[in-house]
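# Overview (structure and organization)
Residues per chain are reported as follows:
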Amino acid sequence: MTDFLLELLSEEIPARMQGKARADLEKLFANQLAAAGLKAQSLQTFSTPRRLALIARGLPETTQAVSEELKGPPADAPDAAVDGFLRKAGLTRDALETRDVKGRATLFAVLEKPGRATAEVLADAIPAIIRAFPWPKSMRWGTASQTTESLRWVRPLQGIIALLGGYVVPCEVDGLVAGDSTVGHRFHHKGAVTISGVDDYASALRAAHVIVDHDERASIIRDGAAKAARDAGYVLVEDEGLVIENAGLTEWPVPLLGRYDPAFLEVPPEVIQLTTRINQKYFVVRDAAGALAPAFVCTANISAHDGGKAIVAGNEKVLAARLSDAAHFWEQDQWHHDPVTRSRKERRTLEEHALKLKHIVFHEKLGTVADKVERVAKLARWLCEEGIVKGDAALAEQAARLCKADLVTEMVGEFPELQGLMGGYYAAKEGLDPQVAAAIRDHYKPVGQGDDVPTAPVTVAVSLADKLDTIMSFFHAYIKLEPTGSKDPFALRRSALSIISLIDVNGLRLSVCNVADAHEPVVMEAIKAADLATKQRASPGGIIVQGFGWVGTDTPAERLANSLLDFFADRLKVQQREAGVRHDLIDAVFALGGEDDLVRLLARVHALQAFVETGEGGNLLAGYKRAANILKKEGRGDASATVHTPETGGGIAQTGEEDPLSMVEDPGVALAVAEMAQPGSGLPYDPEPAEIALIEALDKAEPLAGLAIHGEDFEGAMAALAVLRAPIDAFFDDVTVNDTDPDKRTARLNLLARFRAAVHRVADFSKIEG
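The structure contained in this document is the topic of the report that follows. Along each chain, residue indices are assigned from 1 in the same order as the chain's sequence is written. It should be noted that, the model being predicted, local features are given only for residues of pLDDT at least 70 and side-chain atom pairs only at 80 or more, the latter also being counted only at that level, while totals for whole chains, interfaces and linings use all residues. In computing side-chain properties, one takes all heavy atoms of the structure into account and sets aside hydrogens as well as water.

## Focus on the pattern of salt bridges
- Salt bridges are identified by distance alone: a Lys or Arg side-chain nitrogen within 4 Å of an Asp or Glu carboxyl oxygen. By the definition in use, this model includes 40 salt bridges.
- Of the charged contacts in the structure, one is a salt bridge between Arg99 and Glu97, with a shortest N-O distance of 2.9 Å.
- The exposure class of Arg99 is partly exposed, given its relative accessible area of 26%. Burial classes: relative accessible area under 20% of the type maximum marks a residue as buried, over 50% as exposed, and values in between as partly exposed (1.4 Å probe, protein chains only).

Encoded structure:
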């Protein structure tokens, strides 16, 4: 067994690409070995800004000899076919074997492949790996780059080390010949670094001020940054992403503490943290009270003779310029200034900023951002006035009208990540109601899974209105820009998940159909206005919009509501699957139809999951499926076509007949109605005991389940149905459904249909797997 070292030296590899590059190198190398019948005992990869490396341990000296069989044409095939097979196999006719295959003589070639030296395999593999490397972005360079056939690499490739057991593997890629030398740190080491073997690689480079292990550099940065902050009396704000990025930017990391003018702390801390992190790759620190401190930690790539003082001074100067820009944006967004004295003249309000939104197109078919704000404001007010959100309608409308105003500010123009947040700060500085400021700040939330879900009523109203308007606008029949496949350019799936989270966390009793009825005319008005504006731009004389009649039996609001319900059902499956809820149970509840209250739907789904996972639930499901199969074979497979009416004594009412229990509001009256049905009454034969027991159980379970569902006690409804488990099992054991007596057969099928209909009042059990 022997070990192998491969290093690919280049100009600086972007830090964001290094992690995947290490994984890609390992995968490509393993695949090349596997194709030759080799496998290393272990593989380890390394990266620095200037190199990508791999060590393979435990490689055999040679590959194993292998025998390979190729099936050819029939022995009596035309000469052309046989000759083609011979060329493919590299053999002569007398070297072929003839074997019987399904009674026909067939030619076979047996190829004996001798073992190859591992060095030969590697010599072929290295160029293949380099040329096939899947960099996200790559380039050509030098004179050779004049042709598209030249080598591509993330940055110009400068050298190759290929050592097998201490000896160079002879190979060449685009003029670069493999050797045994590399380079050390750009500033700390001059000249080449010769590598004598695999075990010498890391130590030789360490002596040249290069730490090849990315994880080791990350650990140095993580611990060193925390110590630098601690020594100055501060606490480092942990940022693992920044640790990894700095590890990818340095070969000899040295964390250093710098400071900036405390006056910059007047700027919101998020602005300081963003410009510090994004633009400069610095860590921020906090004081003992948890407030942002006027200091930072940078990561140098050199051990300076002065302890890093000059490096820190340079970084402080650069950061001061960045923070000065941020402070300027902060000032300009809030105040008008006298053109002569440059002094503050009067406050610049969010309402004033919002006027500029009419110049920003939201979508060509939906108008401007100002048009969207108008729709969101109306919907936010409606949500509060209808009592869906228990917030102040006037404040919700005010917050909605201002929630997008910061999009045209200088600060958000420089840092788009701060949209919403800056609006909240500006609203607070302006003296607006704190509820309005909070709603502006948080109305984009929740942005993704794990994000905080707003609970303040005014914020909830604005956030919900904003996302509902976006989805309803793009789902409208005249827009039809719904997500398809993997394409979701307007992030509508994310908006739907956010809506579900808002509704679920806040327990909002929101009817999708009611929202569609209320908001669809507003969307329709926006579509018409956008279409008119587009046509007027095309024709200066102006054009009257025509052709907006609705074709079909459904109204636009109904069509929109149906589309939204299907969309939310799919998103709900995604969200609840991550929460451990089975998707088939969601299908079972949605299949009932007419349910657009997501809170009630989720309560039903959770109760159903708890029930089917019990013994009673599992057995009842088995009984249901047996009953459903019998009914299906008898041509009565539509579960929705049967609704039990107690006064028929075990009979069924066809579709369109009212269920008397659904019309009874007094529980006592409902139970009395149920008790009027005497077991077996109206049957032209004497029912079996198990038959009577099932009828009695249904007479008791149906009204109890119905009342529980009416009161949204879905656990109670499941408990009421659970009593049917034993009677339905006994019924199948003791009663012959397909009796030769047609009266018995019909009545018993009716009884099974009644049982099925009772279960369907809770969920469509036919959708449940198992």
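## What to know about the layout of surface pockets
- Here a cavity denotes a set of grid points, spaced 1 Å apart and computed over the protein atoms alone, in which a 1.4 Å probe fits but from which it cannot get out, and a pocket denotes an open set meeting protein on both sides within 12 Å along at least five of seven lines; residues with an atom within 4 Å of a point are reported as lining. Grid points are joined across faces, edges and corners, and a volume is the space filled by probe spheres set on the points. Empty space within the largest pocket amounts to approximately 810 Å³.
- What lines the largest pocket is a set of 29 residues, among which Lys404, Gln419, Tyr444, Asp466 and Arg494 lie closest to the centre.
- We count a stretch as a helix when DSSP gives it H or I for four or more residues in a row; a strand needs E for two or more, and each element gets its number in order from the N terminus. Secondary structure elements with two or more residues in the lining of the largest pocket: α10 (369-385), α14 (434-442), α15 (457-475) and α16 (492-506).
- Broken down by element, the residue count for the lining of the largest pocket peaks at 4 residues, all from α15.
- Any residue outside Ala, Val, Leu, Ile, Met, Phe, Trp, Tyr, Cys, Pro, Asp, Glu, Lys and Arg is labelled polar, Gly included; the first ten of those are nonpolar and the last four are charged. Here the residues of the lining of the largest pocket are counted per class, giving 13 nonpolar, 6 polar and 10 charged.

## Brief notes about a negative patch on the surface
- Patches here are clusters of residues that have more than 30% relative accessible area and form no salt bridge, with a 9 Å joining cutoff for like charges and a 5 Å cutoff for nonpolar side chains (Val, Leu, Ile, Met, Phe, Trp, Tyr). Using a 1.4 Å probe, the Shrake-Rupley method yields the accessible areas, and only the shown protein chains count as cover for residues. The charge count includes Lys and Arg as positive and Asp and Glu as negative, but it does not include His or the ends of the chains. Where a charge lies is defined by one atom per residue type, namely NZ (Lys), CZ (Arg), CG (Asp) and CD (Glu). Together, Glu688, Asp729, Asp733 and Asp734 give the surface a local cluster of negative charge.
- The residue Asp734 is located in helix α25 (residues 725-734) in this model.

## A few points about helix α20 (residues 598-612)
- Take the residue count of a helix, subtract one, and multiply by 1.5 Å to get its expected span. Its 15 residues place the ends of α20 21 Å apart at the C-alpha level, agreeing with the 21 Å of an ideal helix rising 1.5 Å per residue.
- Contact definition: two residues touch when any of their heavy atoms are within 4.5 Å. Among the structural elements, α16, α18 (556-578), α19 (583-590), α21 (615-633), α23 (689-710) and α24 (714-722) are those in contact with the buried residues of α20.
- Under this definition, polar contacts are N or O atom pairs within 3.5 Å; protein pairs additionally need one hydrogen-donor-capable and one acceptor-capable atom, and for neighbouring residues in sequence, both atoms have to be side-chain atoms. Put simply, Asp597 is the residue that caps the front of α20, since its side-chain oxygen is 3.1 Å from the backbone nitrogen of Val599.

## Section: the packing of α16 against α18
- Note on geometry: axes are lines fitted to C-alpha atoms, helical ones only across the stretch in contact, with angles between N-to-C directions running from 0 to 180 degrees. With their axes 9 Å apart at the nearest point, α16 and α18 run at an angle of 75° to one another. Accordingly, the angle class assigned to the pair α16 and α18 is roughly perpendicular. Packed against α16, whose contacting residues are Leu492, Arg493, Ala496, Leu497, Ile499, Ile500 and Ser501, the element α18 presents Phe567, Phe568, Arg571, Leu572 and Gln575 at the interface.
- Partitioning the contact of α16 with α18 into residue classes produces 8 nonpolar, 2 polar and 2 charged. Roughly parallel means an angle under 35 degrees; roughly antiparallel, over 145; roughly perpendicular, 65 to 115; everything else is oblique.

## Examining unusual backbone geometry
- The residue after Lys445, namely Pro446, is reached through a cis peptide bond having omega -10°.
- Along the chain, Pro446 turns up in the loop between α14 and α15.
- At His209, a position not held by glycine, the phi torsion is positive, near 60°.
- With respect to the element layout, His209 can be found in the loop between α4 (201-207) and α5 (214-231).
- Judged by relative accessible area, His209 falls into the partly exposed class, the value being 24%.
- At Ala491, a residue that is not glycine, the phi angle is positive and equals roughly 50°.

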